[in-house]
Amino acid sequence: MSTPSQGQLSRDEVAHLARLARLAVTDEELVLFAGQLAAVLDAVAQVGKAGVEDVPPTTHAVPMTNVMREDVVRPSLPRETVLAGAPAAEDDRFRVPRILQEEA
Amino acid sequence: MSTDTLVDYDQVLTRYEPVIGLETHVELGTASKMFCGCSTTFGAEPNTQTCPVCLGLPGSLPVANAMAIESTIRIGLALGCRIATWSRFARKNYFYPDIPKGFQTTQYDEPLCTAGHLDVEVDGETYRVEIERVHLEEDTGKNLHVGGATGRIHGADHSLIDYNRAGIPLVEIVTRPIPGAGAKAPEVAKAYVTELREILLALGVSEVRMEQGNLRCDVNTSLAPIGSLEWGTRTETKNVNSLRSVERAVRFEMRRQAALLDEGTRILQETRHFHEDTGTTSPGRSKEEATDYRYFPEPDLVPVAPDEEWVAKLAAMLPELPAARRSRLSDEWGITPTEMAWLVNAGAVELVSDTVAAGASPSDARKWWLGELARRANDAGTDLSDLAVTPAQVAELIGLISAGTINDQLARQALDGVLAGEGGPAAVVEARGLAVMGDSDELVAAVDAAIEANPDVAEKVRGGKVQAIGALVGAVMKTTRGKADAATVKRMLEERLTAS
């Protein structure tokens, strides 16, 4: 995601983010969130001011690599348990609302 | 169903130059999933192979499967890739119920392998396909669309999902754009996937059964006017799940795009779906921009940093790769690259190799697999390898011919029996009484009868016209219904007709 300059975040950008996150946002909320998100981005942008040119990027709190497991099968959950957590199930499968915008 | 206007294929090439690219997904053959211990067995009851990790339940943590990482590195090595010394997983965020987690764990800017290549041959010409990257990710679940027509999403009321496949390790192999194949572009695409499949089989990293979805291709195609410095806009055709369809998909897109370009219509950069039944493509979901996926490094997995020693060890353990193997076998069998290409196209390399290993001569093995057996497979509409005869049985059949027990014609009858499940060649020969007649009384009688029935011919032979003997041999073969050995019959006739 591109960092907007100096606390500016357009309504369209917020609308786009809302669509990607599948959130229904009203016009009033778009304006409200544009302001609030801009403030958040401003706060995060403070980090950019630190002099870290010589410091390699850190993406992990622990300096570990190559944590792996052997390729061994372990028991799965019982299906009843799995589907008990689903909002809806049918024919031993998770049931979801119809998927729009794609033709297969 | 398709209403697309199409340009004749030959016409396309008079005006446009195609550029193709392929993204191939390979399901690895590990016993357990990529980040959890759930089984990967194909065909299990729906949702019986899931756990908190692959369902993305709160608090669960993934741990990478060492075998999957090793397999990916081996694929990279086989494709001549540079193996990264530092590699990470990333989250690709999108909403589609085939992933239960709300994101797919994949690799983004730090893949395990980069910058390789694979040479493929089409009609005696070699094309180098540059590999951009090989990365590791997880497969998605399977959707079943309910309502509407025949499981299609269009018009469906709702969808049902089986997450058994979600989380199975999936390797994605991405080529760089392949220009310069011209009219051969569809065949180069097919040859690339074919060769890649052979390599994956040789490595033993996947079962690569396309019908089970172990190997799936997305085919990118674009056209540019001949002489243009810029490439055209590409489409990405998904669901291309057989070798034949890879070729068909490229060919169809070239013909469809040419028609649009001819009338001045812009090509949309879009995802299209391939339809196996009609060989056509249709528009799919509009392509999201990479930024829309909001990739970020996966915080729950630590980086993978393959050390040199490990990579060197894996490189040393690579099996003989298909191209090298074909070259070696060509030398051993004394055949030309073109003859080897016939064997490859017929899917007969392993079968011939196994038949030779079972004791047959390379030329006999090739003759039977490319001749009589290829004919049987063709008649039955199956692949050679699906015929109900093993390489060992073919070697046995060839052995019976060499020993003079049967001739070629009887061997074909013996083969009928083997294919009908009557047992091995020797057993069928025994049961059906197919063995050639030796110097038996019955054969002596048949030879005498032939001479008696054809006095003119016999006289010619006696008079020195030796080639006339063929007619007598034919007569004997006829009365013995092919059970006699032609050489024996000829010898016996000669003895009788030249002795007196």
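Quick caveat: nothing in here was measured; it's all calculated off a predicted structure.

**What to know about the overall build of chain B**
In terms of helices and strands, chain B carries 17 helices and 15 strands. Over its C-alpha trace chain B gives a radius of gyration of 30 Å, far above what one expects of a compact globule, namely 23 Å for 500 residues. In chain B, which comprises 500 residues, the share counted as buried stands at 50%. Sequence separation of at least 24 residues holds for 70% of the intrachain contacts in chain B that already meet a minimum separation of 6. Total accessible area on chain B is roughly 22,400 Å²; 50% of this is exposed by carbon and sulfur atoms.

**So, the interface of chain B and chain A**
On the side of chain A, 35 residues touch chain B, which itself brings 62 residues to the contact. For the pairing of chain B and chain A, the buried interface totals around 4,300 Å² over both sides, and the portion due to carbon and sulfur atoms is 58%. Between chain B and chain A we count 1 salt bridge in total. Between arginine 79 of chain A and glutamate 45 of chain B there is a salt bridge, and its shortest N-O distance comes to 3.9 Å. Across the chain B-chain A interface, the total number found is 18 residue pairs in polar contact (both at pLDDT 80 or more).

**Digging into the packing of aromatic side chains**
Residue and element names in this part refer to chain B. Tallied over the full model, the rule gives 5 aromatic pairs over all chains. Relative to tyrosine 293, the ring of tyrosine 94 lies with its centre 6.0 Å away and its plane at 75°, an arrangement referred to as edge-to-face. Pair noted here: tyrosine 94 is in the loop between strand S4 (90-93) and strand S5 (103-106) and tyrosine 293 is in the loop between strand S14 (280-283) and strand S15 (296-297), with a separation of 199 residues, a long-range link. By relative accessible area, which is 10% here, tyrosine 94 ends up buried. Relative to tyrosine 295, the ring of tyrosine 293 has its centre 6.0 Å away and its plane inclined at 70°; by these criteria the two rings are edge-to-face.

**Quick notes on the sheet that holds strand S8 (residues 142-146) of chain B**
Here we have 4 strands laid out as an open sheet, ordered S2(A)-S3(A)-S9(B)-S8(B), and antiparallel in their pairing. Sheet topology places strand S2 (89-90) of chain A together with S8 of chain B at the edges, where each strand pairs with a single neighbour. For strand S3 (residues 93-97) of chain A and strand S9 (residues 158-162) of chain B, the ladder comprises 4 bridges, and the chain directions are antiparallel. Looking at S9 of chain B, one finds that valine 96 of chain A is bridged to serine 159 of chain B.

**Some words on the domain arrangement of chain B**
Domain assignment breaks chain B into domain 1 (9-310), domain 2 (322-432) and domain 3 (441-498). The distance between the C-alpha centroids of domain 1 of chain B and domain 2 of chain B comes to 36 Å.

**Let's talk about unusual backbone geometry**
Residue and element names in this part refer to chain A. A positive phi is found at arginine 22, a non-glycine position, where the angle reads about 55°. Assignment of secondary structure puts arginine 22 in the loop between helix H1 (11-20) and helix H2 (27-45). For aspartate 91, which is not glycine, the phi torsion reads 50° and is therefore positive. Along the chain, aspartate 91 turns up in the loop between S2 and S3. Of the residues examined, aspartate 91 reaches a relative accessible area of 53% and is grouped as exposed.

**Describing the sheet that holds S5 of chain B**
Picture the strands of a sheet paired through backbone hydrogen bonds; they go either parallel or antiparallel. Residues and elements named next belong to chain B. With respect to topology, 3 strands assemble into an open sheet ordered S5-S4-S15, the strand pairing being antiparallel. Because the sheet does not close on itself, it has two edges, and the strands there are S5 and S15. Sheet analysis places S4 next to S5, joined by 4 bridges and oriented antiparallel. Directly across from arginine 91, in S5, lies its bridge partner threonine 105.

**Observations regarding the packing of helix H9 (residues 362-370) of chain B against helix H10 (residues 372-380) of chain B**
Residue and element names in this part refer to chain B. Contact geometry for H9 and H10: axes closest at 2 Å, N-to-C directions at 20°. By the angle between their axes, H9 is roughly parallel relative to H10. Contacts between H9 and H10 involve Lys367, Trp368, Trp369 and Leu370 from the first element and Glu372, Leu373 and Ala374 from the second.

Parameters and conventions
- Residues numbered from 1 in each chain as written.
- Chains lettered and ligands numbered in written order.
- Predicted model: local features only at pLDDT ≥ 70, side-chain atom pairs only at ≥ 80, totals over all residues.
- Heavy atoms only, no water.
- Helix = DSSP H or I, 4+ residues; strand = E, 2+ residues; numbered from the N terminus.
- Rg over C-alpha atoms; globule rule 2.2 N^0.38 Å.
- Buried < 20%, exposed > 50% of the residue type's maximum accessible area, 1.4 Å probe, protein only.
- Contact = heavy atoms within 4.5 Å.
- Areas by Shrake-Rupley, 256 points an atom, 1.4 Å probe, with all protein chains shown as cover.
- Buried area = accessible area lost by both parts, 1.4 Å probe.
- Salt bridge = Lys/Arg side-chain N within 4 Å of Asp/Glu carboxyl O.
- Polar contact = N/O pair within 3.5 Å; in protein donor to acceptor, adjacent residues only side chain to side chain.
- Phe/Tyr/Trp six-rings, centres within 6.5 Å; stacked < 30°, edge-to-face > 60°.
- Pairing = 2+ DSSP bridges.
- Domains from an automatic or database assignment.
- Axes fitted to C-alpha atoms, helices over the stretch in contact; angles between N-to-C directions.
- Parallel < 35°, antiparallel > 145°, perpendicular 65-115°, else oblique.

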